[in-house]
Amino acid sequence: MRYICLALIFLCLAQGISSAQDVLEIQGLRKKSNLNSYFDYLVDQNNNLDIDEVVSLDSTAWSHMDNKGLRKGIGNQTIWLKLQVVGLVYDPEQLAIEFYDQSIQQIELFEIRESGRTSHSSTGSCIDPNEKSIPGNHNSFMILVDPLQSTDYYFKITSPNSITITATIEDDAQALSKNTNERTYLGLFYGALIILMLYNILLFISTKFNVFLYYAIYILSVSLSTAYTDGFNSLFLFPLVDFCNGYLNVITTSTTLILGLFFMMDFLNIGSWSPKISNFTKWFIGTIAGITFICLITYPPSAFTATAILSLIVLPFMLIIGLLGIKLNIPQAGYFFTACLIFAVFVFLLNLYLLQVFDFGFIPKYAIHIGFISSTLILSYGLGVRIYKIYQTLIREEKNKQMMVEQKNKELEEKVRERTTDIVKKEVNLRSILDNSDNSIWLIDENYKLIDYNTVFAQSWQISYGNTLSRGSNLLELFPNDNNLKKTWKKRFDDILSGQRAVYRDIVNEETDTENRNYFEIYAYPIEERGKITGASFFLKDISERVNAEEQLLAQNDMLKKVNKELDSFVYSASHDLKAPLASVMGLINLVKYETEVENRQAYYEMMSNSISRLNQSIKDIIDFSRNARLDIDYEVVDIKKMLSNIFDDLQYIEGADQIIRCEDIEHGLIIKTDPTRLRVILRNLVSNAIHYGCVESDDKRIEIKVLKNKSDMVELSIRDFGPGIPESYHQRIFDMFYRANESSSGTGLGLYIVKETVDKLSGKIRMNSEEGKGSIFTVEIPYI
């Protein structure tokens, strides 16, 4: 019965929307309707009111909005809107409320129903698309009107920029259909811009003209600006919008102004006809960037106003420059001025809407789109004209070049005839030079075929490989079946044919004695014709005498340096080692003269004996060193076991030698034929060191001696002690002359040096393996006959 009464009450009302006392009464929508006159608004200056406080305000706190909407520069303020809706419908109806200004950063909707049920939703350019009331590029809300219910809607608007508050309401299905159509048109618009941008990028790549690059980036920047007004930035580039904290439009607008000025400078080639304007434009560009940056870091909301003012300055400036270019007959100035003028007209229409001269409609909504696409087409046509003129100029230049080429061809034909005769003569002379050269010379083409060669090369090849050469033969195939040789020369040919120059050095009979080796130096150069490598030339020279002389000289120099170094060290250390014991003996003799006690004299005599022993050891080391350096090797069969026994007998006077435990392991039946004197020097020094620095200073008195024939067919002698070992820091210098690993050592520092020199003299090797606290092993390898 209630619904029947309701129907009778509203039979006299027109279908759609009717208002009474600013209450929106819904009876079924047939088309989009303006909501502005149903809004009451409140400006929260301090941005401190919450929804409960706003609801509790009386009607005097609110102002009524007129039909044209509201234009406000909010900054840090908040605007509250109030809308009361009464549902005069039989069934729940789903409607869409849309705020046209896509630059509003955040709108919150609070629904308060008679039933007490409340809800909250958000939309705006800085709201994640997935969190919007209606996902998409519009700032829209979905509301559900209940039958015979009154609902209060409160909208909280926060946005630092200047915004226009105007909204409509319509059926949800109609809104969806219109949004789909709108996206189709805008898709065509942005598709055209993308095609123009890519076209200009391709032109830049092909022509290298900066004007096309500036224009491509300018199109991209304006596309981002228009995408902001269409709500696509928040839909597709939300992470970037969120990163810029809602100020992406400020950045893109400032960038658009800067790129537009750069494009103007290059498009009109201002620097060529007015350096002052060019410099002023550059200063203007810097000013735009500076103002935008300062605003963003000091008071970001002011950046919106600053870029709006800068836009109103830049556009007239461009018009003035375009007009001046027309006056001075600058090419393409007319296109530039016309494009700027059309864009300015649509910007002017947009500003008239912002000033609320007329209501929101198709022109205000798409003014920037229409203006920009129109100006873009005009500028693109102007750029096309420039390309066409350049093309015409190039064609004229090409025709002139062809005429010149024809004239030159006639002159060249005459010169060719003259030079052909000269070439024939020069070829005869060159052939004479090649065949009379001591060097082997040959040339190949890119297929390794012989172009030419001289007599020396042909003879050398015949002697080396036993086959005869002929022009046109594949030189690589004529090499003998030696994979390494073919591989080496193929790589050389390929390197030179790739454009490299090289010098190679080959050694023949490398594995034989040095006296029988032959050295060859090969110079290789690519043959280039008109920028293309067509072959390679090779020049081979026998440098055996030079290399042998150089090697001999280097060896002599190395030997001389070594001798001088050793001599200096030897003179210094030998004089010290000889002088110190003598001085010690002389001093002790003076003490003995005045000593009356027999026991004290005996101690002095012991000290004298030690000094004389040191002096004697130094003299022995010097004699061993001298013999090794000057005497030739005298090979004899050596009884190694007997030699070791004699050495231990000679060293029994050393303190602690009587406690030594000898462990000998000598390979049965091993016959050694070498220089016995030098072998004795080697073994005596190593055994002496093992006793002095191994056994005496350790509780383990073992000395292990092994003699065997190793896998390298060398005699391997190893002497191991179990003493304190040698620290790793001394390993590198242990075989140096006069080097003592232990500063308290009484030795001469020549022992291991003499061992090393003696082993080298016998063409052997010596190595040491020692670890601190674990003893030392000295291993000697010498050849035997």
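For the structure given in this document, a descriptive report is provided here. Worth saying up front: this structure is predicted, and the values here are computed from it rather than measured.

1. Describing the packing of aromatic side chains
And then number 1: For the coordinates displayed, the defined rule picks out 35 aromatic pairs.
And then number 2: Taken together, a centroid distance of 6.5 Å and an interplanar angle of 5° make the contact between Tyr218 and Phe263 stacked. In this pair, Tyr218 is assigned in helix α4 (residues 210–230) and Phe263 in helix α7 (residues 248–267), connecting sequence segments 45 residues apart. Both residues of the pair, Tyr218 and Phe263, belong to the buried class.
And then number 3: By the ring-pair criterion, three or more aromatic residues cluster together here, those being Trp442, Tyr448, Tyr453, Phe457, Trp461, Phe479, Trp489, Phe493 and Phe538.

2. Brief notes about the state of the cysteines
And then number 1: Summed over all chains, the structure comprises 0 disulfides.
And then number 2: No disulfide involves Cys126; its sulfur sits 9.7 Å from that of Cys244, the nearest cysteine.

3. What to know about the sheet that holds strand β14 (residues 167–171)
And then number 1: The 4 strands are arranged β3-β14-β8-β11 in an open sheet whose pairing can be described as antiparallel. Because the sheet does not close on itself, it has two edges, and the strands there are β3 (33–34) and β11 (139–145).
And then number 2: Note: strand β8 (residues 93–99) against β14, 5 bridges, orientation antiparallel. Considered in β14, the bridge of Leu95 is made with Asp171.
And then number 3: Strands in contact with helix α3 (residues 172–207) are β8, β11 and β14; relative to β14, the strand with the most contacts, it is inclined by about 110°.

4. Things to note about the environment of Lys774
And then number 1: Here Lys774 shows up in the loop between β25 (765–770) and β26 (776–782).
And then number 2: If near-sequence neighbours (up to four positions away) are discounted, Lys774 is found in contact with Asp721, Gly723 and Pro724.

5. Considerations on the pairing of strand β15 (residues 440–445)
And then number 1: In terms of residue burial, β15 counts as a mostly covered element, since 5 of its 6 residues are buried.
And then number 2: Between β15 and strand β16 (residues 450–453), which pair antiparallel one after the other, the connecting turn spans 4 residues, and Tyr448 there sits at a positive phi close to 70°.

6. Section: the packing of helix α18 (residues 640–650) against helix α19 (residues 676–695)
If you want to describe how two helices pack, look at the angle between their axes and the distance between the axes.
And then number 1: Remark: α18 packs on α19, axes separated minimally by 10 Å, with the N-to-C direction vectors making an angle of 50°. Classified by the angle their axes make, α18 and α19 are oblique. Considering only the axes of α18 and α19, their crossing is right-handed. For the pair formed by α18 and α19, the contact residues are Ile640, Met643, Leu644, Asn646, Ile647, Phe648 and Asp650 on the first element and Pro676, Leu679, Arg680, Leu683, Arg684 and Val687 on the second.
And then number 2: Class assignment of the residues belonging to the contact of α18 with α19 gives a composition of 9 nonpolar, 1 polar and 3 charged.

7. Side note on the pattern of salt bridges
And then number 1: In total, this model carries 17 salt bridges according to the counting rule given.
And then number 2: Put simply, Arg678 and Asp675 hold a salt bridge, and the shortest N to O gap is 2.6 Å.
And then number 3: Given the relative accessible area of 5%, Arg678 is considered buried.
And then number 4: Classification of Asp675 by relative accessible area gives buried; the value is 3%.
And then number 5: Close ionic contact of Arg702 with Glu704 constitutes a salt bridge, the shortest N to O distance being 3.6 Å.
And then number 6: Given the relative accessible area of 21%, Glu704 is considered partly exposed.

8. Digging into the sheet that holds β15
And then number 1: Strand order in this open sheet of 5 strands is β16-β15-β19-β18-β17, and the pairing throughout is antiparallel. Each edge of the open sheet is held by one strand with a lone partner, namely β16 and β17 (502–508). When the angles between neighbouring strand axes are averaged without regard to direction, this sheet yields 20°.
And then number 2: Of the strands in this sheet, β15 and β16 are in contact with helix α13 (residues 455–465), which crosses β15 at around 90°.
And then number 3: Relative to the sheet, helix α15 (residues 483–497) contacts β15, β17, β18 (518–529) and β19 (532–542), its axis offset from that of β19 by approximately 130°.

9. With respect to the environment of Leu109
And then number 1: Topologically, Leu109 is positioned in strand β9 (residues 106–113).
And then number 2: Classification of Leu109 as buried rests on a relative accessible area of 0%.
And then number 3: Once the C-alpha coordinates of Leu109 and Phe155 are considered, the two residues, 46 residues apart in sequence, prove to be 4.7 Å apart.
And then number 4: Apart from residues no more than four positions distant in its own chain, Leu109 is found in contact with Ser119, His120, Ser121, Phe141, Ile143, Tyr153, Tyr154 and Phe155.

Criteria and thresholds
- Residues numbered from 1 in each chain as written.
- Predicted model: local features only at pLDDT ≥ 70, side-chain atom pairs only at ≥ 80, totals over all residues.
- Heavy atoms only, no water.
- Phe/Tyr/Trp six-rings, centres within 6.5 Å; stacked < 30°, edge-to-face > 60°.
- Helix = DSSP H or I, 4+ residues; strand = E, 2+ residues; numbered from the N terminus.
- Buried < 20%, exposed > 50% of the residue type's maximum accessible area, 1.4 Å probe, protein only.
- Disulfide = S-S within 2.5 Å.
- Pairing = 2+ DSSP bridges.
- Contact = heavy atoms within 4.5 Å.
- Axes fitted to C-alpha atoms, helices over the stretch in contact; angles between N-to-C directions.
- Parallel < 35°, antiparallel > 145°, perpendicular 65-115°, else oblique.
- Left-handed = near helix turned anticlockwise from the far one by under 90°.
- Nonpolar A, V, L, I, M, F, W, Y, C, P; charged D, E, K, R; others polar.
- Salt bridge = Lys/Arg side-chain N within 4 Å of Asp/Glu carboxyl O.

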